[in-house]
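Overview (structure and organization)
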Amino acid sequence: MKILVINSGSSSIKFQLLDMAHESVLASGLVERIGESQGLIKCTLRPGTDKALVVEKMDYIADHTSGMRLAVEILTDKDQGVIADKSDVGAVGHRVVHGGEDFHQPTVITSEVLAAIEKNIPLAPLHNPANMDGIRVAQELFGGAIQVAVFDTAFHQTIPPHAYHYALPYELYEKERVRRYGFHGTSHKFVAGECAKVKGRPLEELNLITIHLGNGCSMTAVENGRSVDTSLGFTPLEGLVMGTRSGDVDPAIHAFLARNCNMDIEAIDALLNKDSGLKGLCGMNDMRDIHAAITAGNERAKLALAVQTYRNKKYIGAFMAVLGRVDAIIFTAGIGENDEVVRAMSLQGLEPFGISLDREANSRRMKNPTLISKKKSRVQVWVIPTNEELAIARETRTVLSR
Ligand code: AMP
């Protein structure tokens, strides 16, 4: 079975076509700058093989449908393509950011499901409409394929009420559904599952702390294989320090900014989402630039690294308290997989809690799941690469076999 995975944003579509017989990637690509004067599509056919081919086209791409049509042309090209016809795609798996309280697992998309995704637009005003565009396009172009929605929030629907409620008037939950939802669920679930595989133990027996550190950052407490708490909240702004997002701040800062800095709520929202985090502290949001700046003696860059890793450590401590026994801590995503300094600083001083990092193992580059704690470490520490496209494809296959 061939599964197409679609991650549709407001002006872009990321896609990957997988052959699930061997979980191999037949093609992966990105349509960008949809609706702008010059759009771009870049697609790699047969990546990682000796027949790999990169196809790039620049053209005006009016909307998501035209973008996806271009992708289909490349995928089905009679000389270089990877499928003979678009009817070879058996199912399409869609990343959908917000499933609210309606979806606990991936779901075949029906008109009722689309209506429920639409109902959740107020909770994710930028993401859900874009995800819906992707679904409509795929329904139009791949009419014969089963469409499946895989929700970023679904894995966290097992979080108990005492962890998902904010201490706000209860009516805000009842009327407006204000509560913690959590995000990056597909990634947290995927690395938790991979950890169970490498440890050779059932996921249902494992207590884990999964740490996703990329442009967006989040941490999840996994008890017996289920999410019981996570750092992202009602929106993907709470918790850890991210590339441009603040993570936790005193909520009174909003009122202070409004009263004293002449900012309206839109400006405050933009400040916290786009101009804060690592970027707010030192002007850079890419951890590679921050390391280069630190080497050059930039004190603000040093501060940004210290603030982020201190926050990571604080959350690790909190989630250890939540879980009691922790079998493994897992680092994943762009920073988590590649940055030994961030990993080491986030775990610094945690030896009394049974966490001993193996410095040599930590400094090796890893493409595969790698144990980076010492043998004697009571809590294992792993680096496990995430793969959201493969995770969505696997979830899609699971839905089809239900
Ligand atoms: P992601 O959202 O998972 O794609 O992660 C993107 C972020 O990972 C970038 O903004 C960088 O901060 C970080 N990153 C990627 N590669 C490296 C690397 N080799 N070392 C440190 N940070 C990295």
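Residues numbered from 1 in each chain as written. Predicted model: local features only at pLDDT ≥ 70, side-chain atom pairs only at ≥ 80, totals over all residues. Heavy atoms only, no water.

**Examining the packing of helix H7 (residues 252-260) against helix H8 (residues 265-274)**
It is the contact of H7 with H8, at a shortest axis distance of 10 Å, that shows an interaxial angle of 130°. The angle between H7 and H8 falls in the class oblique. As for how H7 packs across H8, the hand of that crossing is right-handed. Seen from H7, the contacting residues are His 254, Leu 257 and Ala 258; seen from H8, they are Ile 268, Leu 271 and Leu 272. A class-by-class count of the residues in the contact of H7 with H8 yields five nonpolar, one polar and no charged. (Axes fitted to C-alpha atoms, helices over the stretch in contact; angles between N-to-C directions. Helix = DSSP H or I, 4+ residues; strand = E, 2+ residues; numbered from the N terminus. Parallel < 35°, antiparallel > 145°, perpendicular 65-115°, else oblique. Left-handed = near helix turned anticlockwise from the far one by under 90°. Contact = heavy atoms within 4.5 Å. Nonpolar A, V, L, I, M, F, W, Y, C, P; charged D, E, K, R; others polar.)

**Let's talk about helix H13 (residues 340-347)**
Within the span of H13, buried status applies to Val 342, Arg 343, Ala 344, Ser 346 and Leu 347. At the N-terminal end of H13, a side-chain oxygen is found 3.0 Å from the backbone nitrogen of Val 341, two or three residues along, and the residue is Asp 339. Gly 349 sits one or two residues past H13 and shows a positive phi near 80°. (Buried < 20%, exposed > 50% of the residue type's maximum accessible area, 1.4 Å probe, protein only. Polar contact = N/O pair within 3.5 Å; in protein donor to acceptor, adjacent residues only side chain to side chain.)

**A short note on the pairing of strand E14 (residues 380-383)**
Of the pairings in the sheet, the one linking strand E12 (residues 328-332) to E14 comprises four bridges and is parallel in character. Of the residues in E14, the one forming a bridge with Phe 331 is Val 383. (Pairing = 2+ DSSP bridges.)

**Considerations on the pattern of salt bridges**
Summed over the entire model, instances satisfying the criterion amount to 18 salt bridges. Across the pair Lys 14 and Glu 389 runs a salt bridge, and its minimum N-O distance is 3.5 Å. With Lys 14 in strand E2 (residues 13-19) and Glu 389 in helix H15 (residues 388-400), this pair connects stretches of sequence that are 375 residues apart. What makes Lys 14 partly exposed here is its relative accessible area of 42%. The salt bridge partner of Glu 194 is Arg 394, with a shortest N-O separation of 3.0 Å. With Glu 194 in helix H6 (residues 185-199) and Arg 394 in helix H15, this pair connects stretches of sequence that are 200 residues apart. (Salt bridge = Lys/Arg side-chain N within 4 Å of Asp/Glu carboxyl O.)

**So, the sheet that holds E14**
The six strands lie next to each other as E11-E10-E9-E12-E14-E13, forming an open sheet whose pairing is mixed. A single partner strand is all that each edge strand has here, and the edge strands are strand E11 (226-230) and strand E13 (370-371). Of the pairings in the sheet, the one linking strand E9 (residues 208-213) to strand E10 (residues 217-223) comprises six bridges and is antiparallel in character. Looking across to E10, one finds that Leu 208 is bridged to Val 222. Strand contacts of H6: E9, E10, E12 and E14, with the helix running at about 130° to E9, the strand carrying the most contacts.

**Thoughts on the site of the ligand**
Taken together, Gly 214, Asn 215, Asn 285, Asp 286, Met 287, Arg 288, Ala 333, Gly 334, Ile 335, Asn 338 and Asp 339 make up all the residues around the ligand. Between the ligand and Gly 334, the relevant distance is 2.9 Å, taken from an oxygen atom to a main-chain nitrogen or oxygen of the residue. A distance of 3.4 Å separates an oxygen atom of the ligand from a polar backbone atom of Ile 335. When isolated, the ligand has an accessible area of 510 Å², and the protein chains bury 70% of it. Going through the elements one at a time, helix H10 (287-295) and helix H12 (333-338) are the ones with two or more residues in the shell around the ligand. Top contributing element to the shell around the ligand by residue count: H12, with four residues. Considered class by class, the residues forming the shell around the ligand number three nonpolar, five polar and three charged. (Near = heavy atom within 4 Å. Areas by Shrake-Rupley, 256 points an atom, 1.4 Å probe, with all protein chains shown as cover.)

**Section: unusual backbone geometry**
The phi torsion of most residues other than glycine is negative, and most of the peptide bonds are trans. Even without being glycine, Asn 224 reaches a positive phi, approximately 45°. Even without being glycine, Ala 333 reaches a positive phi, approximately 75°. By relative accessible area, Ala 333 is classed as buried at 7%.

**Section: the sheet that holds strand E3 (residues 24-32)**
The strand order E5-E4-E3-E2-E1-E6-E8-E7 describes an open sheet built from eight strands, whose pairing is mixed. Because the sheet does not close on itself, it has two edges, and the strands there are strand E5 (53-59) and strand E7 (107-108). Summarising the sheet, strand E6 (residues 89-96) and strand E8 (residues 146-151) pair through six bridges and their orientation is parallel. The residue bridging Arg 95 from the neighbouring strand is Val 150, located in E8. On the sheet, helix H3 (residues 127-141) packs against strand E1 (2-8), E6 and E8 and is oriented at approximately 170° with respect to E6.

**A closer look at the nonpolar core**
Inside soluble globular proteins, nonpolar side chains tend to come together where they are buried. The biggest cluster of nonpolar side chains holds 44 residues, and the ones touching the most others in it are Ile 209, Ile 316, Ile 329 and Leu 347. Residue assignment for this core shows that the elements contributing at least two residues are E9, E10, helix H9 (277-282), H10, helix H11 (299-323), E12, H13 and E14. When residues of this core are assigned to their parent elements, the largest contribution, eight residues, is made by H11. Ignoring sequence-local partners within four residues, the contact set of Ile 316 consists of Ile 209, Ile 211, Met 219, Ile 329, Ser 346, Leu 347 and Leu 350. If you look at the next biggest cluster of nonpolar residues, it comprises 29 residues, including Cys 43, Leu 45, Leu 70 and Val 137. (Core = buried A, V, L, I, M, F, W, Y, C linked by side-chain atoms within 4.5 Å.)

**Regarding the packing of aromatic side chains**
Inspection of every chain in the model, using the stated rule, returns five aromatic pairs. Taking the centre distance of 6.1 Å and the plane angle of 45° together, the rings of Tyr 164 and Tyr 173 count as tilted. Just as Tyr 164 is buried, Tyr 173 falls in that class too. Relative to Phe 234, the ring of Tyr 181 lies with its centre 6.3 Å away and its plane at 35°, an arrangement referred to as tilted. (Phe/Tyr/Trp six-rings, centres within 6.5 Å; stacked < 30°, edge-to-face > 60°.)

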